[in-house]
Amino acid sequence: MKNKQYLLAKRPIGTPTADNWDFVETDVKEPQDGEILVKIEYISLDPAMRGWMNDAKSYIEPVQIGEVMRAGTVGYVVKSKAEGFAEGDAVYGHFGVQQYATVSAKGVHKVDPSLAPLERYLGVLGMPGMTAYFGILDTGQPKEGETVVVSGAAGAVGSVVGQIAKIKGCRVVGIAGGKDKCDFVVNELGFDAAIDYKSQNVKKALRETCPNGVDVYFDNVGGDILDDVLTQINFKARIVICGAISQYNNTTPVKGPSNYLSLLVNRARMEGIVVFDNAKNYGIAAKEMAGWIAQGKLQAKEHVEVGIERFPEVLLMLFNGENFGKLVLKVDGE
Ligand SMILES: NC(=O)c1ccc[n+]([C@@H]2O[C@H](COP(=O)([O-])OP(=O)(O)OC[C@H]3O[C@@H](n4cnc5c(N)ncnc54)[C@H](OP(=O)(O)O)[C@@H]3O)[C@@H](O)[C@H]2O)c1
């Protein structure tokens, strides 16, 4: 049996290009004792993948040249030599950008496709959903009646953050690129207002949409938008630093906030989060969010692209703002 794989061929400078990748075909490896062979169905496309391509110190080791590109994935066990796993089990793991993975069963989690579509375990019920849940609730600590602003509002993390803040009784303003995304977060996700950072003056629009100021800002994008929000924060505001996608393809140093003294004036707090810190409590979060989905309070949206060979171009959709909700790649077309 053959296995198509994307290997990291070269580290990118700026936006990744075709020559950063090797698309190869290898033989599928037979599982040994303690291992399983998984047929991967969906690959998660995450902004963090851009960081993993750099040879830089981070919260996780970089992907090495010649290695299969790291990615969160879901699929089905096709052969098992590991206790507790059987053919046909649906599983989640970091199996990488390939069709098949032969891996140690340690660190592999079973998921239940009868409770939710498989790809949802890469979205709301997976890593982005966990990021949103713990980031907004534990670090943002939104209180009823407060104003919560979230950037990347129509994306995997942002769309969930805003909906959870609504569930908690907050006024929620999303920041997103383009009218379609702004309409989506207001009309379909129930946000109170949205700001199109591509066509509006963000600072002015914040003053209009957040007349009582900003109590919580959940930042997915960094850069100028972070600076603009800092000018509108309230006393004891909480800024959740989740990501800075506007900076990931920079060839110049990351642009830090020049308005950070607003934290001093307002006795406010800015705190970074890493989703994996909450791993032991994922089950609690998934259960509560599945409940909200069942009650119609939380909408899950996946954006599915098809064909493993398209991986390099589909990854770039994140940086071009072409995804609505959680971007996933379905490995095979049928
Ligand atoms: N800390 C953690 O543990 C953790 C975990 C997961 C994700 N994250 C971070 O969370 C953020 C969102 O991730 P996601 O998976 O939910 O991605 P996503 O929001 O689904 O997709 C990325 C979105 O970023 C926006 N974007 C791209 N370039 C931009 C720019 N220059 N300025 C402003 N917005 C830009 C685009 O939306 P528009 O069309 O609106 O521009 C794009 O759709 C990322 O920064 C990611 O690194 C952090």
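Below is a summary of the structure that appears in this document. (Residues numbered from 1 in each chain as written. Predicted model: local features only at pLDDT ≥ 70, side-chain atom pairs only at ≥ 80, totals over all residues. Heavy atoms only, no water.)

1. What to know about the pairing of strand β8 (residues 147–151)
The two faces of a sheet get side chains in turn, since along a regular strand they alternate between them.
Here's step 1: Burial analysis of β8 places 5 of its 5 residues in the buried class, which makes it a mostly covered element.
Here's step 2: Alternating residues of β8 divide into Thr 147, Val 149 and Ser 151 and Val 148 and Val 150, and every residue in both groups is buried.
Here's step 3: In this sheet, strand β9 (residues 171–176) lies alongside β8 in parallel orientation, the contact comprising 5 bridges. By the bridge assignment, Ser 151 is partnered in β9 with Ile 175.
Here's step 4: At this point the chain moves from β8, through helix α3 (residues 156–167), to the parallel β9, and the crossover so formed is right-handed.
Here's step 5: Where β8 meets strand β11 (residues 214–219), 3 bridges bridge the pair, whose relative direction is parallel. Across the sheet, Val 148 pairs through a bridge with Val 216, a residue of β11. (Buried < 20%, exposed > 50% of the residue type's maximum accessible area, 1.4 Å probe, protein only. Helix = DSSP H or I, 4+ residues; strand = E, 2+ residues; numbered from the N terminus. Pairing = 2+ DSSP bridges. Right-handed = clockwise from strand over helix to strand, strands pointing away.)

2. Quick word on empty space enclosed by the protein
It is a probe the size of a water molecule, rolled over the atoms, that shows where empty space is left.
Here's step 1: In the structure shown here, the tally under the stated rule is 1 cavity of 30 Å³ or more.
Here's step 2: Counted as a void, the largest cavity has a volume near 40 Å³.
Here's step 3: Every residue lining the largest cavity is listed: Gly 123, Val 124, Ala 156, Ser 159, Val 160, Gln 299, Ala 300, Lys 301, Gly 325 and Lys 326.
Here's step 4: The element best represented in the lining of the largest cavity is α3, accounting for 3 residues.
Here's step 5: Along the lines of polarity and charge, the residues of the lining of the largest cavity split into 4 nonpolar, 4 polar and 2 charged.
Here's step 6: Counting contributing residues per domain, the lining of the largest cavity is built from domain 1 (2–123 + 301–330) and domain 2 (127–276), each supplying no fewer than three. (1 Å grid on protein atoms, 1.4 Å probe; cavity = no way out; pocket = protein on both sides within 12 Å on 5 of 7 lines; lining within 4 Å. Points joined across faces, edges and corners; volume = space filled by probe spheres on them. Nonpolar A, V, L, I, M, F, W, Y, C, P; charged D, E, K, R; others polar. Domains from an automatic or database assignment.)

3. Some points on the site of the ligand
Here's step 1: Contacts to the ligand come from 26 residues, most closely from Gly 177, Lys 181, Tyr 197, Tyr 248 and Asn 323.
Here's step 2: Lys 181 places a polar side-chain atom, nitrogen or oxygen, 2.7 Å from an oxygen atom of the ligand.
Here's step 3: At a separation of 3.5 Å, an oxygen atom of the ligand approaches a polar backbone atom of Ala 244.
Here's step 4: Protein coverage of the free-state accessible area of the ligand, which is 910 Å², stands at 90%. (Near = heavy atom within 4 Å. Polar contact = N/O pair within 3.5 Å; in protein donor to acceptor, adjacent residues only side chain to side chain. Areas by Shrake-Rupley, 256 points an atom, 1.4 Å probe, with all protein chains shown as cover.)

4. Quick word on the layout of surface pockets
Here's step 1: There is about 580 Å³ of room inside the second largest pocket.
Here's step 2: Along its surface, the second largest pocket is lined by 24 residues, and Val 111, Tyr 121, Leu 125, Gly 126 and Met 130 are the ones closest to its centre.
Here's step 3: Breaking the lining of the second largest pocket down by element, the ones donating at least two residues are β5 (90–93), β7 (109–110), α2 (127–140) and α8 (282–294).
Here's step 4: The greatest single-element share of the lining of the second largest pocket, amounting to 6 residues, is contributed by α8.
Here's step 5: Across the lining of the second largest pocket, the residue classes tally to 15 nonpolar, 6 polar and 3 charged.
Here's step 6: There are two domains that each give the lining of the second largest pocket at least three residues, and those are domain 1 (2–123 + 301–330) and domain 2 (127–276).

5. Observations regarding the environment of Phe 319
Here's step 1: Relative to the assigned elements, Phe 319 resides in helix α9 (residues 311–320).
Here's step 2: Taking C-alpha positions, Phe 319 is 8.6 Å from Thr 15, a pair spaced 304 residues apart along the chain.
Here's step 3: When sequence neighbours within four positions are dropped, the list of residues in contact with Phe 319 reads Pro 47, Arg 50, Ile 245, Tyr 248 and Asn 249. (Contact = heavy atoms within 4.5 Å.)

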